[in-house]
Structure formats: structure tokens, C-alpha cells
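Here is how the chains run, residue by residue.
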Amino acid sequence: RWGRASFDRPHRFVFSTTWALPSPPSGVARVVLGDWSLAAIATIQSGSALTIAATNSTNIFGISEDRAQLSGTCSKNQLVKSGAVESKLSGYFNTNCFTGAPVIGVDGIGTAFGNSATGIVNGPSEANLDLSFLKTVALHWPIEKSTLQFRAEFYNALNHPQFADPDTNFTSPTFGVIRSTAVNSRVGQLAVKFAF
């Protein structure tokens, strides 16, 4: 059962920044356009490691869920269908690459553990951008350093759909089906912060 952990992601890139936007030197332009800043967090990562299971209630080892057996007709990069995730929501895996667990013994019901490794394929990848716009206004009350900050925050700012992992049980009627998203659609919120 040696293999990748379920939380393993081969690639993960996170970039965060805060940028104080240039302010006009004085006048009304500074009041309106001054003291703005932008904060952003971008996360791009490959999918988590998935293990293909096969349920067998008659397993002679007393384990009801084994790993699926590879058919031997596919290379590792053929286990997941090619193309964008949106094109394989109803069938993420190439089902021709898997069989049930191999039958052993003359009784026809005993099966081996299955030869597919743990974490054999990756789930859907993710790319997310969170943005925050901030304007800080100096109040000088009740103390000299008092400020009022207006914030507009957007999570999944590009409203990019990011899908959850598919059903990984080969014996399930929904094998390979992706039923949900991993990240909410765009969420925006406004806030006011008083610091003194």
C-alpha cells in the first residue's frame, strides 16, 4: 500500500502582495484618489493524489474496499481523460484502464487487493485569485493616529470554476463523476474599519 498521501500536490504556487497605489500630491484629487492600496493572493496548484478503489464485500481478507485492478492496456498518463475538466465532469477517468479486483481461488468470489497504487492519479487542478481594495482616511480623532479604512474584498475574484475530486470507486455507478466545486463562486464583501 506504499504510495502518495491523499494531500500530496506535485505543484503549488502561492503569490501574495500588497501595493500602496501612488497618490496625487494635493487637493481634491488626493482626497478622492489618494491612500488606496491593493492586496492580492493568487494560488495555483495541481490536484490532490487520488486512489482508485473497488468495493468487494466478499473479499476473503475481510477488507470490503480494495484498490482497483489496472487493465494493463493504458499508460499512466492515459488513466485520466484528456481535455479541460469541464469536458469530463461526467467521466473524469478512462474506464477502459481499470477492471475490478482480480478473482483468485476456485470459488470465484475471493479477490486480491488490486494492483493500482495509492495516489495513482491527480484530481482537478485549481487556480484562484482573491483581491482586496482598501482606502484609508486619516481622521485625527479621538487621537492623532486615528484612521477609517474602507475595504472591498473579492474571493475567487475571476469567478473561475474549480472542481472537487471525482468519485474514485470503480464499482460505483457514478465512478469518475464530479458533483461539486472545491471553491465557491465569486464572493464580495464590503467592510469599514476604525483604528485608533
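Use the structure listed above.
A brief structural summary. (Residues numbered from 1 in each chain as written. Predicted model: local features only at pLDDT ≥ 70, side-chain atom pairs only at ≥ 80, totals over all residues. Heavy atoms only, no water.)

Focus on the state of the cysteines
Okay, step 1: Applying the stated criterion across every chain, the model contains one disulfide.
Okay, step 2: Between Cys74 and Cys97 runs a disulfide, and the two sulfur atoms are separated by 2.1 Å. Given an S-S torsion of about -90°, the disulfide between Cys74 and Cys97 has left-handed geometry. In this pair, Cys74 sits in the loop between β6 (69-70) and β7 (98-99) while Cys97 sits in the loop between β6 and β7, placing the two residues 23 residues apart along the sequence.
Okay, step 3: With relative accessibility at 24%, the residue Cys74 sits in the partly exposed group. (Disulfide = S-S within 2.5 Å. Helix = DSSP H or I, 4+ residues; strand = E, 2+ residues; numbered from the N terminus. Buried < 20%, exposed > 50% of the residue type's maximum accessible area, 1.4 Å probe, protein only.)

Quick word on the nonpolar core
Soluble globular proteins tend to pack their nonpolar side chains together in the buried interior.
Okay, step 1: In terms of nonpolar packing, the biggest core is built from 16 residues, with Ile52, Leu79, Phe93, Phe98 and Val121 touching the most fellow members.
Okay, step 2: Not counting residues within four places of it along the chain, the set of residues in contact with Ile52 comprises Asp66, Arg67, Ala68, Phe93, Phe98, Ser116, Ile120, Val121, Thr168, Phe170 and Phe175. (Core = buried A, V, L, I, M, F, W, Y, C linked by side-chain atoms within 4.5 Å. Contact = heavy atoms within 4.5 Å.)

Comments concerning the pairing of strand β9 (residues 126-138)
Okay, step 1: The pairing of strand β2 (residues 36-45) with β9 spans ten bridges and is classified as antiparallel. Across the sheet, Ser37 pairs through a bridge with Leu134, a residue of β9.
Okay, step 2: In the sheet, β9 pairs with strand β10 (residues 147-155) via eight bridges, with the strands oriented antiparallel. Each residue of the ladder has a partner; that of Phe133, found in β10, is Ala152. (Pairing = 2+ DSSP bridges.)

With respect to the side chain of Lys88
Okay, step 1: With respect to the helices and strands, Lys88 occurs in the loop between β6 and β7.
Okay, step 2: Glu86 provides the closest opposite charge to the buried, unpaired Lys88, separated from it by 8.7 Å.
Okay, step 3: Filtering out sequence-adjacent residues up to four positions away, Lys88 remains in contact with Val80, Lys81, Ser82, Gly83 and Gly176. (Lys, Arg positive; Asp, Glu negative; His and termini not counted. Salt bridge = Lys/Arg side-chain N within 4 Å of Asp/Glu carboxyl O.)

Considering the sheet that holds β2
Okay, step 1: With respect to topology, five strands assemble into an open sheet ordered β1-β2-β9-β10-β11, the strand pairing being antiparallel. The outermost strands of the open sheet, each flanked by one partner alone, are β1 (12-20) and β11 (187-195). Here the average twist between neighbouring strands, direction ignored, is 10°.
Okay, step 2: As judged from the nine bridges shared by β1 and β2, these two strands associate in the antiparallel manner. Across the sheet, residue Thr18 finds its bridge partner in β2, namely Ala39. (Axes fitted to C-alpha atoms, helices over the stretch in contact; angles between N-to-C directions.)

What to know about the environment of Glu126
Okay, step 1: Turning to its location among the elements, Glu126 is positioned in strand β9.
Okay, step 2: Classification of Glu126 by relative accessible area gives buried; the value is 17%.
Okay, step 3: Separated by 36 residues in the primary sequence, Glu126 and Gln162 place their C-alpha atoms 5.7 Å from one another.
Okay, step 4: Not counting the four nearest positions on each side in its chain, Glu126 is found in contact with Arg9, Thr43, Ile44, Gln45, Gln162, Ala182 and Val183.

So, a nonpolar patch on the surface
Okay, step 1: There is a patch of nonpolar side chains on the surface, built from Ile60, Phe61, Ile63, Ile104 and Phe113 and spanning about 430 Å² of accessible area.
Okay, step 2: Along the polypeptide, Ile104 turns up in the loop between β7 and β8 (121-122).
Okay, step 3: The exposure class of Ile104 is partly exposed, given its relative accessible area of 35%. (Patch = residues over 30% accessible without salt bridge, like charges linked within 9 Å, V, L, I, M, F, W, Y side chains within 5 Å. Areas by Shrake-Rupley, 256 points an atom, 1.4 Å probe, with all protein chains shown as cover.)

Describing the side chain of Asn156
Okay, step 1: Inspection of the secondary structure puts Asn156 in the loop between β10 and β11.
Okay, step 2: Residue classification places Asn156 among the buried positions, given a relative accessible area of 3%.
Okay, step 3: In this structure the side chain of Asn156 is engaged in a polar contact, spanning 2.9 Å, whose partner is the backbone oxygen of Asn184.
Okay, step 4: Discounting chain neighbours no more than four positions away, the residues touching Asn156 are Asn128, Leu129, Asp130, Gln162, Val183, Asn184, Ser185 and Arg186. (Polar contact = N/O pair within 3.5 Å; in protein donor to acceptor, adjacent residues only side chain to side chain.)

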